[in-house]
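Each chain, letter by letter, is given below.
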Amino acid sequence: AQILGKPILVSDCMANRELVTDGEDGLICDLTPESICSRIKKLISDDVLRIRLGKNAERRNTDRGDEQIQKLLKFLF
């Protein structure tokens, strides 16, 4: 999703914190219904935030895109 410039919401765990900077290129939430709901509402209601997160995610992953695709291909084949 990041490579495609889409804003994402991920759960708060070490692996996701390595891939997403909260509020910069995605949103991180606790694994509670309240936290997930709050962050989804934020993405839905804030067009500027959603666009900014998507652009930042795409920019961050453009350099790593080829590397990520190669990892995916190795995993699949």
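Residues numbered from 1 in each chain as written. Predicted model: local features only at pLDDT ≥ 70, side-chain atom pairs only at ≥ 80, totals over all residues. Heavy atoms only, no water.

A. Structural detail: a nonpolar patch on the surface. On the surface, a nonpolar cluster with roughly 720 Å² of combined accessible area is contributed by Ile-69, Leu-72, Leu-73, Phe-75, Leu-76 and Phe-77. Here Leu-76 lies in helix H4 (residues 65-76). (Patch = residues over 30% accessible without salt bridge, like charges linked within 9 Å, V, L, I, M, F, W, Y side chains within 5 Å. Areas by Shrake-Rupley, 256 points an atom, 1.4 Å probe, with all protein chains shown as cover. Salt bridge = Lys/Arg side-chain N within 4 Å of Asp/Glu carboxyl O. Helix = DSSP H or I, 4+ residues; strand = E, 2+ residues; numbered from the N terminus.)

B. Representation of the environment of Gly-26 within the structure. Following the sequence through the fold, Gly-26 ends up in the loop between helix H1 (14-19) and strand E2 (27-29). Taking C-alpha positions, Gly-26 is 9.7 Å from Leu-43, a pair spaced 17 residues apart along the chain. Excluding its chain neighbours within four sequence positions, the residues that come into contact with Gly-26 are Ile-8, Val-20, Thr-21 and Leu-53. (Contact = heavy atoms within 4.5 Å.)

C. Quick look at the side chain of Asn-56. Relative to the assigned elements, Asn-56 resides in helix H3 (residues 47-62). Exposure remark for Asn-56: the relative accessible area of 17% places this residue in the buried category. Within polar-contact distance, the side chain of Asn-56 engages the backbone oxygen of Glu-24 at 2.8 Å. Setting aside chain neighbours within four positions, we find Asn-56 in contact with Glu-24 and Asp-25. (Buried < 20%, exposed > 50% of the residue type's maximum accessible area, 1.4 Å probe, protein only. Polar contact = N/O pair within 3.5 Å; in protein donor to acceptor, adjacent residues only side chain to side chain.)

D. The arrangement of the side chain of Gln-2 in detail. As for its position among the elements, Gln-2 is in the segment before strand E1 (9-11). Separated by 3.3 Å, the side chain of Gln-2 and the backbone oxygen of Leu-19 make a polar contact. Not counting residues within four places of it along the chain, the set of residues in contact with Gln-2 comprises Ile-8, Leu-19, Val-20, Asp-25, Ala-57, Glu-58 and Asn-61.

E. Fine view of the pattern of salt bridges. The full count for this structure, using the stated rule, is 4 salt bridges. Between Arg-17 and Asp-12 there is a salt bridge whose closest N-O contact spans 2.7 Å. Taking the relative accessible area as the measure of exposure, Asp-12 reaches 36% and is therefore partly exposed. With its nearest N and O atoms 3.1 Å apart, the salt bridge here joins Arg-39 to Asp-22. Here Arg-39, found in helix H2 (residues 33-45), pairs with Asp-22, found in the loop between H1 and E2; they are 17 residues apart in sequence, far enough to count as distant. Judged by its relative accessible area of 18%, Arg-39 is buried. For Asp-22, a relative accessible area of 35% translates into the label partly exposed.

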